[in-house]
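Overview (structure and organization)
Chain residues, written in single-letter form:
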Amino acid sequence: MLNDFYTYQAQTSPHPLAMEISHAIGSYIYDTNGKAYLDFVAGVSACTLGHQHPRVKEAIKNQLDKYLHVMVYGEYAQHPATELCKLLAQHMPPQLNKTYLVNSGTEATEGALKLVRRVTGRSQLISCHHAYHGNTMGSMSVMGFEERKQIFRPLIPDVDFITFNNEADLEKITTKTAGIILESIQGGAGFIQPENDFLKKVKQRCEEVGALMIIDEIQPGFGRTGKLFGFENYGVVPDVVVMGKGMGGGMPVGAFTASAEMMDLLSHDPKLGHITTFGGHPVIAAACLATLQEVLETNLMAETLEKETLFRQLLVHPLIEEVRGKGLMLAAMTRSAAITNEIILRCHSRGLILFWLLFEGKAIRITPPLTISNQEIEEGCQLLLEVMDEVQHEFGL
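Keep in mind it's a predicted model, so treat the numbers as computed, not measured.

Turning our attention to unusual backbone geometry. A negative phi holds for most residues other than glycine; trans holds for most peptide bonds. Going from R153 to P154, the amide bond is cis rather than trans, its omega being 10°. Positive phi values are uncommon outside glycine, yet D158 reaches one of about 65°. Checked against the element boundaries, D158 lands in the loop between α7 (146–149) and β6 (159–162). For F191, which is not glycine, the phi dihedral falls at a positive 55°.

Given below as structure tokens:
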């Protein structure tokens, strides 16, 4: 199969891991040779409840017996999508009460950027250096990493950048600004949390000049930081929330949420202000609803913080300079990208799945399913520390 994989499937890097997958269940992925890999990545934060969670599988199977796609988004009332949007509204701040379902996080970003321009009548967008909000043209325009986007220019105009946690930069938000988009925790930059009420100060500045604040919850969302959404940890309520990844329980999905007053503007002047064929797909919405119900009805969010503590207690090693992040959105930082790369690849060969971050080469991504057990955490960390011992010894570090 590997030859066909390289021949017929487009690649995103010169050296994919190219593991041939047989099946996955719980916290483990199995290759076609029967080898088990403990998953500390969860599909890059997408598999919130691990692999083949019974509640998600049951929801999918039940919906399969009723109907699949029947009409483009927004024309028919379909129970899974309607119930999902309702449950989201019930567990978000009151002004965040209407959700537009799409197919991916980057499409949700696109919709949110269009929305703030539509609401304000302004054009300027502001993002952060080293931000990542997706890889389509609009999302790439607010990506703060020139090396990744230079070759695709020209992108959309009138975009400026600030530095995350730099309060002096907030003066760039003016009466010309439609909106600013920020991750509640910067992901690709190295799992950097806001400091000194930075998000509150961004929102205050937006209110002063009439701009809107978009918070990207594509990675932190759905319980990964101990709250349903990361922004809840920092005492701020954004105008628009972008989500994706973990909301689908392993299915492809995205959404953006704002007030009904704002969202209703997409339905007129012009009509069809944002459209999608498969957004709100009933099978995917059923999986999302089951995932959200499980996160809300169990102790998973509280346990996420307990598991963070366990990780921090275990991940003590001379090669680890710090552990960044919150909950089960963690990054173990080494002193160099070369060390990190060696550790990730050796762990993979030994049966532990770790991964890289987009822009911070020194980071080891640790974003396991919220359902991971303490025993699995201990076993994975023990293997990771053993590999670090080997790397430290062999490289004389």
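Moving on, we come to the pattern of salt bridges. Overall, the coordinates contain 15 salt bridges when judged by the stated rule. Close ionic contact of D264 with K98 constitutes a salt bridge, the shortest N to O distance being 2.8 Å. On the criterion of sequence distance, the pair formed by D264 in the loop between α9 (260–263) and α10 (282–297) and K98 in strand β4 (residues 98–102) is long-range, its members being 166 residues apart. On the basis of relative accessible area, K98 is assigned to the partly exposed category, the value being 37%. The shortest N-O distance in the salt bridge between E322 and R324 comes to 3.2 Å. Classification of E322 by relative accessible area gives partly exposed; the value is 39%.

Our next topic: the nonpolar core. Counting 90 residues, the largest nonpolar core has L182 and I343 as the members making the most contacts within it. Considering every element that reaches this core, the biggest residue donor is α10, with ten residues. The residues contacting L182, other than those within four sequence positions of it, are C128, H133, F164, F198, L199, V202, M213, I214, I215 and D216. Counting residues in hydrophobic clusters, the runner-up holds 21 residues, among them Y100, V240, V242 and M263.

Below, the discussion takes up the pairing of strand β7 (residues 177–183). Within β7, seven of the seven residues are buried, leaving the element largely enclosed by the surrounding structure. Pairing of strand β5 (residues 124–128) with β7 involves three bridges; the strand directions are parallel. Residue Q124 lies in a different strand from β7, and its bridge partner there is T177. Examined bridge by bridge, β7 and strand β8 (residues 212–216) share five bridges and lie parallel to one another. Within β8, the position partnered with I180 by the bridge is M213. Each parallel crossover has a hand, and for β7 linked through helix α8 (residues 198–209) to β8 it is right-handed.

Moving on: the side chain of T106. Mapped onto the fold, T106 is located in helix α5 (residues 105–120). We classify T106 as buried; its relative accessible area is 17%. A polar contact is formed between the side chain of T106 and the side chain of S139, at a distance of 2.8 Å. With sequence-adjacent residues up to four places away left out, T106 is seen in contact with H133, G134, N135, T136 and S139.

Right, let's get into the packing of aromatic side chains. Here the structure, examined in full by the defined rule, presents eleven aromatic pairs. Measuring from ring centre to ring centre gives 5.3 Å for F222 and F229, while their planes differ by 70°; the resulting arrangement is edge-to-face. Grouping residues by exposure puts F222 and F229 together as buried. Within the aromatic cluster, the residues linked to one another by ring pairs are Y73, Y100 and F256.

The next subject is helix α12 (residues 337–350). If you check α12, its first and last C-alpha atoms are 20 Å apart, about what 14 residues at 1.5 Å a residue would give, namely 20 Å. Every buried residue of α12 is accounted for by I339, T340, I343, I344, R346, C347 and H348.

The subject of this paragraph is the packing of α12 against helix α13 (residues 374–394). Between α12 and α13, the shortest axis-to-axis distance is 10 Å and the interhelical angle comes to 130°. Accordingly, the angle class assigned to the pair α12 and α13 is oblique. As for how α12 packs across α13, the hand of that crossing is right-handed. Every residue of α13 that contacts α12 at E342, I343, R346, C347 and R350 is listed here: L383, L384, E386, V387, M388, E390, V391 and E394.

With mixed pairing, seven strands are arranged side by side in an open sheet as β4-β10-β9-β8-β7-β5-β6. Looking at strand neighbours, the two that pair on one side only are β4 and β6, the edges of this open sheet. For this sheet the average axis-to-axis angle between neighbouring strands, irrespective of direction, equals 20°. Note: strand β9 (residues 240–243) against strand β10 (residues 254–258), three bridges, orientation antiparallel. Opposite M243, over in β10, you have A255 as the bridge partner. Sheet strands touched by helix α4 (residues 79–90): β4 and β9. Its angle to β4, the strand with the most contacts, is close to 135°.

Criteria and cut-off values
- Residues numbered from 1 in each chain as written.
- Predicted model: local features only at pLDDT ≥ 70, side-chain atom pairs only at ≥ 80, totals over all residues.
- Heavy atoms only, no water.
- Helix = DSSP H or I, 4+ residues; strand = E, 2+ residues; numbered from the N terminus.
- Salt bridge = Lys/Arg side-chain N within 4 Å of Asp/Glu carboxyl O.
- Buried < 20%, exposed > 50% of the residue type's maximum accessible area, 1.4 Å probe, protein only.
- Core = buried A, V, L, I, M, F, W, Y, C linked by side-chain atoms within 4.5 Å.
- Contact = heavy atoms within 4.5 Å.
- Pairing = 2+ DSSP bridges.
- Right-handed = clockwise from strand over helix to strand, strands pointing away.
- Polar contact = N/O pair within 3.5 Å; in protein donor to acceptor, adjacent residues only side chain to side chain.
- Phe/Tyr/Trp six-rings, centres within 6.5 Å; stacked < 30°, edge-to-face > 60°.
- Expected span 1.5 Å × (residues − 1).
- Axes fitted to C-alpha atoms, helices over the stretch in contact; angles between N-to-C directions.
- Parallel < 35°, antiparallel > 145°, perpendicular 65-115°, else oblique.
- Left-handed = near helix turned anticlockwise from the far one by under 90°.

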